[in-house]
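Listed here are the chains, written in short residue letters.
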Amino acid sequence: MNDDVRNIVLGVVAAGISAALGWIARTYLWKRKLRRKQAFFGLPDNSDSLLVVNREAGGPELTVMRHDVFALLELSALIKDCGAHAQVVAHDAAQQGFGERTEFCVGGPSSNRRMAAHLHSLLPGIQVNTDPEPGPDRGAFQIGTERYRLESGKGEYVLLARLTADLGHGTRPVFLFCGQRAITNQAATRYLARNHERLARKYGGNSFALLLKVVNSQAYGPDVVELVADVTRAAQTPAPAVAPHNSHRAS
């Protein structure tokens, strides 16, 4: 074998080793990223999860509003990426505890009994005005000493929470998407899909509750979202017997 042939063979071997090492490194990084994602969502390979949805007002059948359907699609993609499975359940049919399976609960407490139960049990510092009569405080969030009013199409609020508790029989988290309108639920699921890596780095496996503001949804839909505040501590602190009068209006 002359020097030219030997150099060619050595070059091919070196290229093959480099490609193999690159593939191994990429596979390792991809698997590590996947494991972190699965840990954050509580969705190991082939695990089951619940998508709990509300019923459209006045309908006996499981008829989900359009923006809530979009929210479910966002969540379904996350679940599929983790190699897990999802079951869609109506809010009044999900009569079970939590912790055994990851749960994604979508919708406000006025139309989602399960959401109302989660807020009462896990986030007692959040009060949502469910009065059906028109008024400036209809749909408003009261969190601690602050009130966040709905300005339809201009400034709307949604709570995004990841919660774990000892009330259930397992350690899988519950994710809440509690918005003042259906479009804000979709905005919160999209925010989670885009920011879950940052949230996992910041909070790890701990509980958190974030208040988000959807800006000018009549023009931008669910895409323009601002983080208003981390309200975890206030949300987990039981509300006082007499509601304070401070208010926070959408600007």
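Structure first, text after, so check above.
For the structure given in this document, a descriptive report is provided here. Just so it is clear, the model here is predicted, and its values are computed rather than measured. (Residues numbered from 1 in each chain as written. Predicted model: local features only at pLDDT ≥ 70, side-chain atom pairs only at ≥ 80, totals over all residues. Heavy atoms only, no water.)

## Regarding unusual backbone geometry
As a reminder, the rule being used: Partly exposed residues are those whose accessible area sits between 20% and 50% of the maximum for their type, while under 20% is buried and over 50% is exposed, using a 1.4 Å probe and protein chains only. Helix and strand assignments follow DSSP, with helices taken as H or I runs no shorter than four residues and strands as E runs no shorter than two, numbered in order from the N terminus.
The backbone of Asn 46 shows a phi angle near 60 degrees, a positive value even though the residue is not glycine. What makes Asn 46 exposed here is its relative accessible area of 59%. Phi at Asn 216 is positive, roughly 50 degrees, even though this residue is not glycine. Along the chain, Asn 216 falls in the loop between β9 (208–215) and α5 (217–220).

## Brief notes about the packing of aromatic side chains
What counts here: Whether two aromatic rings pair depends on their centres lying within 6.5 Å, for rings of Phe, Tyr and Trp, where Trp uses its six-membered ring; planes under 30 degrees apart make the pair stacked, over 60 edge-to-face, and the rest tilted. Only lysine NZ and arginine CZ atoms are considered, and such an atom sits over a ring when it is within 6 Å of the ring centre and within 35 degrees of the ring normal.
Taken as a whole and judged by the stated rule, the model has 8 aromatic pairs. Relative to Phe 104, the ring of Phe 41 has its centre 6.4 Å away and its plane inclined at 45 degrees; by these criteria the two rings are tilted. Of this pair, Phe 41 sits in helix α1 (residues 3–41) while Phe 104 sits in strand β3 (residues 102–106), and the two are 63 residues apart along the sequence. Each member of the pair Phe 41 and Phe 104 is classed as buried. Among the aromatic residues, ring-to-ring pairing joins Phe 40, Phe 41, Phe 104, Phe 175, Tyr 203 and Phe 208 into one connected group. The cationic tip of Arg 162 hangs over the ring face of Phe 40; the distance from NZ or CZ to the ring centre is 5.2 Å.

## Thoughts on the nonpolar core
Defined as follows: Take the buried residues of types Ala, Val, Leu, Ile, Met, Phe, Trp, Tyr and Cys, join any two whose side-chain atoms come within 4.5 Å, and each joined set is a nonpolar core. Here a residue-residue contact requires only that any non-hydrogen atoms of the pair lie within 4.5 Å.
Judged by nonpolar contacts, the single largest core of 28 residues is most densely connected at Phe 41, Phe 104, Phe 177 and Leu 192. Taken together, the elements giving at least two residues each to this core come down to α1, β1 (48–53), α2 (66–81), β3, β7 (155–163), β8 (174–179), α4 (182–203) and β9. The dominant element in this core, judged by the number of residues it contributes, is α4, at 6 residues. If sequence neighbours within four positions are ignored, Phe 104 has contacts with Phe 41, Leu 43, Ser 49, Leu 50, Leu 51, Val 52, Leu 75, Ile 79, Phe 175 and Phe 177. One finds Val 52, Ile 126, Ile 143 and Val 174 within the second-largest nonpolar core, a separate group that totals 24 residues.

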